[in-house]
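Breakdown of the fold
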Amino acid sequence: FANFGFAESHALSFALLVYASSWLKLHYPGAFLASLLRAQPMGFYSPATLIADARRHGVEVRRPDVQTSGADAGLEPLGGSRYDSAPPNHSTSAHCLTRDQPPVLPFDPTAPFSTDDHRRDAGLAVRLGLASVRGISGVVAERIVAERKQHGPYRDMADLARRAGLTTPQLESLAAAGAFACFGLSTRQALWAAGSAAQNRPEYLAGTTTTVQPPLFALPTEAERLVADMWATGVSTDDHPIRHVRELLTARGALSADDLVTAEVGRRIEVGGLVIHRQRPSTASGITFVNLEDETGLINVVCSPGLWKRYRPIARESSALVVRGTLERSPEGVTNVVADRVEPLPVVASTRSRDFQ
């Protein structure tokens, strides 16, 4: 039992939860993502990894917005405001809803499969909540939403600051998160205006604050937008740090997670990605498992005790790695890279991994 026995009743209960969760993730990936984001902190994967996976499965994720976001993540129609009562777009057949299902055939990794054939919330996008923004607590987010519902939409940043009682740092965090795009403000314009807008407070006479004409700001680059998103919310709704170093990785012959599906087994390869997990189970004889993430998916890396000892400072401290190793693939299509060398990978926006024993 390797010092651990898994009771049959426990296994059956766990399998039922896995089946139900998998069914929801397949048919309602948007609602599934929003539910997980509303339950943070929890689980094995960070919000950034959950969002990246949902985007790869066709879910549109949108930044926080002071006019449409709730306190927590929610759903809204792709072409309109926050989802309240509009029905999901059921564009798939109903055969998955029948109680009696055909027998499960042996797994064929070569058979064609598309999650689009099963998704039943294709007309909805996930909108991040205001509480996901740095410095905006759940109480403050609820206050912003309650004031908007009671007295109508906000007219501008100054109106928001006055009615919700926000400070300069809170307005700056919302600006960095892109939450003022509804007012036609870019990130830099909103950051410039945050200081003066915060002076419009309930204890002062409305309209008496002094504003300064902002300079003409250049549009932020994609890398700057990514850095702002990661600082403000810890996630990116439309980008990934590894995408900005993909040209460098390609130049040295590194493969992406997608490439590993068809790459030659037993071949020595290189991969690069953000470190999202490090694990060393007590039953693994000192082997450390590292999970990397790039813009196309997840990569499992197996590190022997000898390799970990040799590259320990790099393997433990780097937020992103380039790994060289041998590719393995199981009959079910599960791939691993058995590492023989690691080196740090500089990225425009670093992240923190979740490490487990």
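What you are looking at is a predicted structure, and each value in this text was computed from that prediction instead of being measured.

**Observations concerning the environment of G70**
Mapped onto the secondary structure, G70 falls in the loop between β1 (61–62) and β2 (74–77). Taking the C-alpha atoms as reference points, G70 and E142, 72 residues apart in sequence, are found 7.7 Å from one another.

**Regarding the packing of aromatic side chains**
Under the definition given, this model contains three aromatic pairs. Considering the side-chain rings of W23 and Y28, the 6.2 Å spacing of their centres and the 45 degrees angle between planes classify their relative orientation as tilted. W23 sits in the partly exposed class, given a relative accessible area of 24%. Pairing F44 with Y45 gives two aromatic rings, centres 5.1 Å apart and planes at 90 degrees, and the pair type is edge-to-face.

**A look at the environment of A254**
Residue position: A254 is located in the loop between α9 (246–251) and β4 (268–279). Sequence separation of A254 and I269 is 15 residues, and the distance between their C-alpha atoms is 6.8 Å. Excluding residues that lie within four positions of it along the chain, A254 makes contacts with R246, L249, E270 and V271.

**A short note on the confidence of the model for the protein**
Considering every residue of the protein, the mean pLDDT works out to 86; 89% of them sit at 70 or more. The low-confidence segment residues 81–90 (pLDDT under 50) makes 26 contacts with residues lying over four places distant or belonging to another chain.

**Overview of unusual backbone geometry**
A cis amide bond, omega 0 degrees, links Q40 with the succeeding residue P41. Turning to its location among the elements, P41 is positioned in the loop between α2 (29–38) and α3 (47–56).

**Structural notes on the pattern of salt bridges**
As a working rule, side chains carrying opposite charge can pair if their charged atoms are close by. Following the criterion strictly, the structure yields 22 salt bridges and no others. The closest approach of N and O atoms between K25 and D53, which form a salt bridge, is 3.0 Å. Within this pair, whereas K25 is found in helix α1 (residues 8–27), its partner D53 is found in helix α3, the two being separated by 28 residues in sequence. A relative accessible area of 23% means that D53 is categorised as partly exposed.

**Re the pairing of strand β5 (residues 288–294)**
The element β5 is extensively covered by neighbouring structure, given that six of its seven residues are classed as buried. Here β5 pairs with strand β6 (residues 297–303) via seven bridges, running antiparallel. Of the residues in β6, the one forming a bridge with F289 is V302. Taken together, β5 and the strand that follows it, β6, pair antiparallel across an intervening segment of two residues.

What counts, and where the lines are drawn
Residues numbered from 1 in each chain as written. Predicted model: local features only at pLDDT ≥ 70, side-chain atom pairs only at ≥ 80, totals over all residues. Heavy atoms only, no water. Helix = DSSP H or I, 4+ residues; strand = E, 2+ residues; numbered from the N terminus. Phe/Tyr/Trp six-rings, centres within 6.5 Å; stacked < 30°, edge-to-face > 60°. Buried < 20%, exposed > 50% of the residue type's maximum accessible area, 1.4 Å probe, protein only. Contact = heavy atoms within 4.5 Å. pLDDT = per-residue confidence, 0-100. Salt bridge = Lys/Arg side-chain N within 4 Å of Asp/Glu carboxyl O. Pairing = 2+ DSSP bridges.

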